[in-house]
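Next come the chains, spelled out residue by residue.
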Amino acid sequence: MAPPATAAAFLAALRAEGVSVVEEGDWEHHNRNHKGPWGPVHGVMIHHTVTKGSARTVAICRDGYEGLPGPLCHGVITKKGRVHLVGYGRANHAGSGDADVLQAVIAERAPLPKPDRNTVDGNRHFYGFECENLGDGVDPWPDEQVEAIVRVGAALCRHHGWTVRSVIGHLHWQVGKVDPRGLDWSAVEARITERLRHKASWNPGARTYAVRSGDTLWSIAQRELGSGKRYTEIAELNELASDVLTPGQVLKLPAK
């Protein structure tokens, strides 16, 4: 049995794994804990949203909709690979699922049995991440988004001492679900397994940038990442204590 990580530890685990995180409002205290227990946690569940547009997707997952109040997950993984934290604690994402599947996840046993009954409260036992995707099997899964899924899964496995067997899709849990449809799940599992062989800071193929005269964090973020507002990600990734840059200084860059 694993108690849920604190919100601070959850955030720290994601950042240590190199996840590009956006904190949405008072996410640490936005939850459904008044409706039922949260924990012990046994795994990470990945979903697709059946929505289009990052801002709209994040808003829906934070606030919910008629008949299903938010938060609908803990984090939203956008097409660009950014993880928007929208809640922490019990969230309306997993619903009821199969008891045999839960036992297999706890035992980290593969292959998982096929779910055939929805009898166990999954919102209590799983971290949940909704991925921006239409869920039609045609909408693509950009590599930036897949890499974020991999890092999120690895981060929480690393924190709890789990293996990749503790990361599942919604379709593995609940009868009638197909998400995350179109995602190559075996490739995701292989990439999580590989990440867990390395330190959290492992960053294969990472990009770097050599500072030139006149550069600022904002200008580098604008030119290299497409938005000056992402300068904070460069600062955090490089653990910069100030915004003073020196020509020739080499900076690590986050994923686009």
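As a reminder, the structure under discussion sits directly above these lines.
What comes next is a walk through the structure. (Residues numbered from 1 in each chain as written. Predicted model: local features only at pLDDT ≥ 70, side-chain atom pairs only at ≥ 80, totals over all residues. Heavy atoms only, no water.)

### Structural notes on the sheet that holds strand β9 (residues 126-131)
(1) Moving on: In spatial order, the strands read β1-β6-β5-β9-β2-β10; together these 6 strands make up an open sheet with mixed pairing. For this open sheet the edge positions go to β1 (20-23) and β10 (167-169), each flanked by a neighbour on one side alone. When strand polarity is set aside, the average angle formed by the axes of neighbouring strands in this sheet is 30 degrees.
(2) Moving on: Running at roughly 150 degrees to β1, helix α1 (residues 7-16) makes contact with β1, β6 (82-85) and β9 of the sheet. (Pairing = 2+ DSSP bridges. Helix = DSSP H or I, 4+ residues; strand = E, 2+ residues; numbered from the N terminus. Axes fitted to C-alpha atoms, helices over the stretch in contact; angles between N-to-C directions. Contact = heavy atoms within 4.5 Å.)

### Some words on the layout of surface pockets
(1) Moving on: Estimates place the volume of the largest pocket at around 950 Å³.
(2) Moving on: Broken down by secondary-structure element, the contributors of at least two residues to the lining of the largest pocket are α1, β1, α4 (143-160), α6 (185-195), α8 (231-237) and β12 (250-253).
(3) Moving on: Among the elements that take part in the lining of the largest pocket, α4 stands out by supplying 5 residues, more than any other.
(4) Moving on: Looking at side-chain class alone, the lining of the largest pocket contains 13 nonpolar, 8 polar and 17 charged residues.
(5) Moving on: By volume, the second largest pocket amounts to about 360 Å³.
(6) Moving on: Forming the boundary of the second largest pocket are 20 residues, of which H48, Y65, L68, E130 and K177 lie nearest the centre.
(7) Moving on: Contributing elements (two or more residues each) for the lining of the second largest pocket: β2 (43-48) and α2 (54-63).
(8) Moving on: Looking at side-chain class alone, the lining of the second largest pocket contains 7 nonpolar, 10 polar and 3 charged residues. (1 Å grid on protein atoms, 1.4 Å probe; cavity = no way out; pocket = protein on both sides within 12 Å on 5 of 7 lines; lining within 4 Å. Points joined across faces, edges and corners; volume = space filled by probe spheres on them. Nonpolar A, V, L, I, M, F, W, Y, C, P; charged D, E, K, R; others polar.)

### A few points about unusual backbone geometry
(1) Moving on: The amide bond that connects G39 to the next residue, P40, takes the cis arrangement and shows omega of 0 degrees.
(2) Moving on: Of note, V50 is a non-glycine position whose phi angle comes to about 60 degrees, a positive value.
(3) Moving on: Here V50 shows up in the loop between β2 and α2.
(4) Moving on: Phi at E108 takes a positive value of approximately 50 degrees, unusual for a residue other than glycine.
(5) Moving on: If you trace the backbone, E108 turns up in the loop between α3 (99-107) and β8 (120-121).

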